[in-house]
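# Structural overview for review
Residue-level listing of the chains:
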Amino acid sequence: MSFVIPIVLSLLTKPFLRSRLCQGQYGFVATYFGWGVLGTIGLSIGVFWLLGPIFFEQDHGRGDRALSVTFRVWSLITTLYMLGIAVGLNHIRKVSSSSLLNLYIILLIVCTALLFLTSLAAAAVYWIIYAVTVVVVHKISDGQRAPAPEK
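Remember, predicted model here, so these are calculated numbers, not experimental data.

### A look at the overall build of the chain
On a plain count of helices and strands, the chain comes out with 5 helices and 0 strands. Listing the helices and strands of the chain from first to last along the sequence gives α-α-α-α-α. Each of the three principal axes of the chain carries a C-alpha extent, and together these read 60 × 55 × 25 Å. On the chain, roughly 9,500 Å² of surface is accessible, and the fraction owed to carbon and sulfur atoms is 72%. Treating the 11 positive side-chain charges of the chain as one cloud and the 5 negative ones as another, the clouds have centres 12 Å apart.

Below, the structure written as structure tokens:
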């Protein structure tokens, strides 16, 4: 069950990166505090309260595997979400004239990169599944858009 989640996330990556949030169309406060903080809290509650019990039902031991799987899935989902937030903040940084805001956004992007490395170490298999599926989906979508060669 948990290996399906990276596949589903990879199918949602392209629409998410094209969303208004990742394009930086909201302001800094709405992007970081509204979508960033509240969205991460919402995702965390969703993963731990919705997926956690499912993983506990599948675990027939003491529950350590269920906790481990739940943490890995949470790490993957929140890191992907925060990477989208960082992309949106980077778009905001490019049009911002405040040097202090630009410095703060750069620090947030660096922290998101550190979060990505931590998540990569914690959930390497999920990231591999995600990366392979994203490449396959990208190749399929490029193949469908390519015009047929004339004979």
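There's more to say after this.
### Observations regarding the nonpolar core
Ile-5, Leu-9, Phe-55 and Val-73 are the most contacted members of the largest nonpolar core, which has 15 residues in total. When residues of this core are assigned to their parent elements, the largest contribution, 6 residues, is made by helix H3 (residues 64-95). Sequence-distant contacts of Leu-9, defined by excluding residues within four places in its chain, comprise Leu-76, Ile-77, Leu-80 and Tyr-130. In terms of nonpolar packing, the next biggest core, distinct from the first, is built from 10 residues, Leu-21, Leu-89, Ile-92 and Leu-108 among them.

About the thresholds
- Throughout this description, residue numbers start from 1 for each chain and increase along the sequence as written.
- For a predicted model such as this one, the threshold for reporting local features is a pLDDT of at least 70, and the threshold for listing and counting side-chain atom pairs is 80 or more; totals across whole chains, interfaces and linings nevertheless cover every residue.
- Note: side-chain values were computed over all heavy atoms of the structure, leaving out hydrogens and water.
- A run of H or I in DSSP becomes a helix once it reaches four residues, and a run of E becomes a strand once it reaches two; helices and strands are each numbered from the N terminus.
- In this description, accessible areas are obtained by the Shrake-Rupley approach with a 1.4 Å probe, and a residue is regarded as covered only by the protein chains that are shown.
- Counting rule for charge: Lys and Arg are taken as positive, Asp and Glu as negative, and neither His nor the chain ends is counted.
- Throughout, a charge is located at the NZ atom of Lys, the CZ atom of Arg, the CG atom of Asp or the CD atom of Glu.
- In these notes, a set of buried Ala, Val, Leu, Ile, Met, Phe, Trp, Tyr and Cys residues joined through side-chain atoms within 4.5 Å is what counts as a nonpolar core.
- The buried label applies to any residue whose accessible area, calculated with a 1.4 Å probe on protein chains only, is under 20% of its type's maximum; exposed applies above 50%, and partly exposed to all values in between.
- By definition in these notes, contact holds between two residues if any of their heavy atoms fall within 4.5 Å.

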